[in-house]
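Geometric and topological summary
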Amino acid sequence: MDKLSLNMYYASMIVYMIGGIPLILYTLIIRPIAELYNEPISSMVSPVFGNYSIYLRNLFIVSIVIVTISLVLYLVAVYRAKHGKKKISTFTVIFPIVLYIFGYALLGVSGI
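Note that this is a predicted model, so its numbers are computed, not measured.

1. Comments concerning the environment of Lys3
Position of Lys3 among the secondary structure elements: in helix 1 (residues 3-36). Put simply, Lys3 and Ile94 are 91 residues apart on the chain and 20 Å apart in space, counted from C-alpha to C-alpha.

Here's what the structure looks like:
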């Protein structure tokens, strides 16, 4: 990989790690706990978050946007490396794809 492609690859992984925070919060912690309550989520109000439904929707949107930005950076980095005839290992290409599939699957399963 050339230096710019390598930097973009690392940047995509850093953005994914940062995006993993709202992703994990939404899909594995906050959304499942909200589903445990007996009242509808749209009627729940929190002194910290305000309307809980709006907070969950915004957290979902932030997660989608950050993971998508990371995916775009990754695709550009791999394209530049392949287009520049640089050698890139199979593990370097496959591992982030597994991460993106995992992230989008979590978001898809949890829904809005």
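Picking up where we left off.
2. What to know about unusual backbone geometry
Trans peptide bonds make up most of the peptide bonds, and negative phi angles are found at most residues other than glycine. Even without a glycine there, the phi angle at Lys85 is positive, about 60°. Tracing the sequence through the fold places Lys85 in the loop between helix 2 (52-83) and helix 3 (90-110).

3. Let's talk about the packing of helix 2 against helix 3
A pair of packed helices is characterised by two quantities: the angle between their axes and the separation of those axes. The N-to-C vectors of helix 2 and helix 3 enclose an angle of 165°; their axes lie 11 Å apart at closest approach. With respect to each other, helix 2 and helix 3 are oriented roughly antiparallel. You can see that helix 2 and helix 3 cross each other, and the crossing is left-handed. Where helix 2 approaches helix 3, its residues Phe60, Ser63, Ile64, Val67, Thr68, Ser70, Leu71 and Tyr74 are matched on the opposing element by Thr92, Val93, Ile94, Pro96, Ile97, Tyr100, Tyr104 and Leu107.

4. So, the pattern of salt bridges
Overall, the coordinates contain 2 salt bridges when judged by the stated rule. Taking the shortest distance from any N to any O, the salt bridge between Asp2 and Arg80 comes out at 3.0 Å. Here the residue Asp2 occupies a position in the segment before helix 1, and Arg80 occupies one in helix 2, the gap between them amounting to 78 residues. Take Asp2: its relative accessible area is 23%, and that puts it in the partly exposed class. With a closest N to O distance of 3.0 Å, Glu35 and Arg31 form a salt bridge. With Glu35 and Arg31 both in helix 1 and 4 residues apart, this pair spans about one turn of that helix.

5. Concerning the environment of Val65
Within the secondary structure, Val65 sits in helix 2. For Val65, a relative accessible area of 41% corresponds to the partly exposed category. When the C-alpha positions of Val65 and Gly19 are compared, they lie 8.5 Å apart, and in sequence the two are 46 residues distant.

Thresholds applied
- Residues numbered from 1 in each chain as written.
- Predicted model: local features only at pLDDT ≥ 70, side-chain atom pairs only at ≥ 80, totals over all residues.
- Heavy atoms only, no water.
- Helix = DSSP H or I, 4+ residues; strand = E, 2+ residues; numbered from the N terminus.
- Axes fitted to C-alpha atoms, helices over the stretch in contact; angles between N-to-C directions.
- Parallel < 35°, antiparallel > 145°, perpendicular 65-115°, else oblique.
- Left-handed = near helix turned anticlockwise from the far one by under 90°.
- Contact = heavy atoms within 4.5 Å.
- Salt bridge = Lys/Arg side-chain N within 4 Å of Asp/Glu carboxyl O.
- Buried < 20%, exposed > 50% of the residue type's maximum accessible area, 1.4 Å probe, protein only.

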